[in-house]
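Residues per chain are reported as follows:
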Amino acid sequence: MNIDRALPMMPLQTTRLMLRPYQQDDVDCLLPILSDPTTMEFWSQPLTREQVVKWISHSLQSYDQYGFGRYAVTLENSDELIGDVGLLATTIVDEPVIDLGYIIHHPYWAKGYAIEAATAVRDYAFSTLELPTLHVNMPWNHRGSQRVAERLGMTLIKQFDNPRNRYIRTLLYRLDRT
């Protein structure tokens with residue numbers, strides 16, 4: 001995927017959150033989130049420590065390659081890591097896309113943090129990075145994630161059986177910059 005406009009990532013602040021680039025030493029803070037069975041119930045499985053190390057390394061590489069990646073989501077008045085949000089250049093159903101992803105640790109569900117973080121990244125992607133299109137995908141039964149995508153203004157464009165996630169029926173949403 002060729003991204004013409006790679007700008008350095010910067011921290012993004014919302015009303016209640018700080019979104020910042022990952023650092024290698026975030027592994028111990030991110031591990032309890034991405035290894036938690038409840039938080040990761042819609043993923044093929046919770047991540048291991050080794051997979052979390054790779055998750056962060058992949059984001060660091062993405063920052064260098066594209067000028068974007070995944071962000072650590074912390075509460076604005078503390079350094080407490082509560083989730084992950086950001087952009088990933090990937091391929092979904094044989095199409096190269098920029099996927100907007102969001103994971104909030106389950107003790108923080110139903111507080112509006114996912115939409116707040118995802119909105120900040122959407123706006124950054126369109127206004128600063130000038131990306132033309134964003135996609136979001138989630139399992140068909142992940143109503144919380146669907147609501148976030150819909151509140152972002154995204155439209156359901158496709159359903160497919162996801163080979164990356166146990167061939168579960170997956171919904172693909174899209175939003176074009178206007």
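As the structure is a prediction and not an experimental result, all values here were calculated from the model.

Even after reading the chapter, I still don't get the overall build of the protein, so can you show me in this structure?
Across its full length, the protein holds 4 helices and 8 strands. Rg of the C-alpha trace for the protein: 15 Å, near the compact-globule value of 16 Å for 178 residues, within the 12% margin. Expressed as lengths along the three principal axes of its C-alpha atoms, the size of the protein is roughly 40 × 35 × 30 Å. Sequence separation of at least 24 residues holds for 61% of the intrachain contacts in the protein that already meet a minimum separation of 6. Total accessible area computed for the protein in this model is approximately 9,000 Å², and 49% of it derives from carbon and sulfur atoms.

Would you take a moment to explain the layout of surface pockets for this structure?
In this approach, a probe sized like a water molecule rolls over the atoms, and the result shows the empty space that is left. Here the largest pocket defines a volume of roughly 1,400 Å³. The wall of the largest pocket is formed by 47 residues, among which Trp43, Gly101, Tyr102, Ile103 and Asn137 lie closest to the centre. Mapped by element, the contributors of at least two residues to the lining of the largest pocket are helix 2 (49–66), strand 4 (81–92), strand 5 (95–104), helix 3 (113–128), strand 6 (133–139), helix 4 (143–151) and strand 7 (155–162). Among the elements that line the lining of the largest pocket, the one with the most residues is strand 5, at 6 residues. Classifying every residue of the lining of the largest pocket gives 23 nonpolar, 17 polar and 7 charged.

It is not clear to me how the confidence of the model for the protein should be interpreted in this structure. Could you clarify?
The predicted coordinates ought not to be read in detail in places where the model reports low pLDDT. In the predicted model, the protein carries a mean pLDDT of 92, and the fraction of residues at 70 or more is 94%. When the elements of the protein are averaged for pLDDT, strand 1 (residues 12–13) gives the smallest value, 89, and helix 1 (residues 27–34) the largest, 98. Long-range and interchain partners of residues 1–6, a stretch whose pLDDT sits below 50, account for 17 contacts in this model, where long-range means more than four residues apart.

Help me understand the nonpolar core in this model?
Here is a general trend for soluble globular proteins: nonpolar side chains tend to be buried in one another's company. Residues Leu19, Val85, Leu87, Leu100, Tyr102 and Leu134 are the most contacted members of the largest nonpolar core, which totals 39 residues. Of all the secondary structure elements, the ones that give two or more residues to this core are strand 2 (17–21), strand 3 (70–75), strand 4, strand 5, helix 3, strand 6, helix 4 and strand 8 (168–176). Setting aside chain neighbours within four positions, we find Leu100 in contact with Val85, Gly86, Leu87, Ala118, Val121, Arg122, Leu134, His135, Val136 and Leu152. Counting 15 residues, the second largest nonpolar core, distinct from the first, contains Leu30, Trp55, Tyr63 and Leu81.

Honestly, the packing of aromatic side chains in this entry has me stumped. Any pointers?
The description of an aromatic ring pair uses the distance of the two centres, along with the angle that the planes make with each other. Under the definition given, this model contains 4 aromatic pairs. Here the aromatic rings of Tyr66 and Phe68 are separated by 5.4 Å at their centres, their planes lie at 15 degrees, and the arrangement is stacked. Like Phe68, Tyr66 is buried.

Teacher, can you tell me more about the side chain of Thr39 here?
Position of Thr39 relative to the elements: it lies in the loop between helix 1 and helix 2. There is a polar contact of 2.7 Å between the side chain of Thr39 and the side chain of His105. A distance of 3.0 Å separates the side chain of Thr39 from the backbone nitrogen of His106, its partner in a polar contact. If sequence neighbours within four positions are ignored, Thr39 has contacts with Ile33, Ile103, Ile104, His105, His106 and Trp109.

Any chance you could explain helix 3 here in plain terms?
Count 3.6 residues to each turn of an α-helix, and residues three or four apart come out pointing the same way. For helix 3, spanning 16 residues, the distance from its first C-alpha to its last is 22 Å, which sits close to the expected 22 Å at 1.5 Å a residue. With 12 of its 16 residues buried, helix 3 lies for the most part within the structure. All of the buried residues along helix 3 are Tyr113, Ala114, Ile115, Glu116, Ala117, Ala118, Ala120, Val121, Arg122, Tyr124, Ala125 and Phe126. Directly beyond the C-terminal end of helix 3, a positive phi value near 55 degrees is found at Glu130.

Reading the values: the criteria
Residues numbered from 1 in each chain as written. Predicted model: local features only at pLDDT ≥ 70, side-chain atom pairs only at ≥ 80, totals over all residues. Heavy atoms only, no water. Helix = DSSP H or I, 4+ residues; strand = E, 2+ residues; numbered from the N terminus. Rg over C-alpha atoms; globule rule 2.2 N^0.38 Å. Contact = heavy atoms within 4.5 Å. Areas by Shrake-Rupley, 256 points an atom, 1.4 Å probe, with all protein chains shown as cover. 1 Å grid on protein atoms, 1.4 Å probe; cavity = no way out; pocket = protein on both sides within 12 Å on 5 of 7 lines; lining within 4 Å. Points joined across faces, edges and corners; volume = space filled by probe spheres on them. Nonpolar A, V, L, I, M, F, W, Y, C, P; charged D, E, K, R; others polar. pLDDT = per-residue confidence, 0-100. Core = buried A, V, L, I, M, F, W, Y, C linked by side-chain atoms within 4.5 Å. Buried < 20%, exposed > 50% of the residue type's maximum accessible area, 1.4 Å probe, protein only. Phe/Tyr/Trp six-rings, centres within 6.5 Å; stacked < 30°, edge-to-face > 60°. Polar contact = N/O pair within 3.5 Å; in protein donor to acceptor, adjacent residues only side chain to side chain. Expected span 1.5 Å × (residues − 1).

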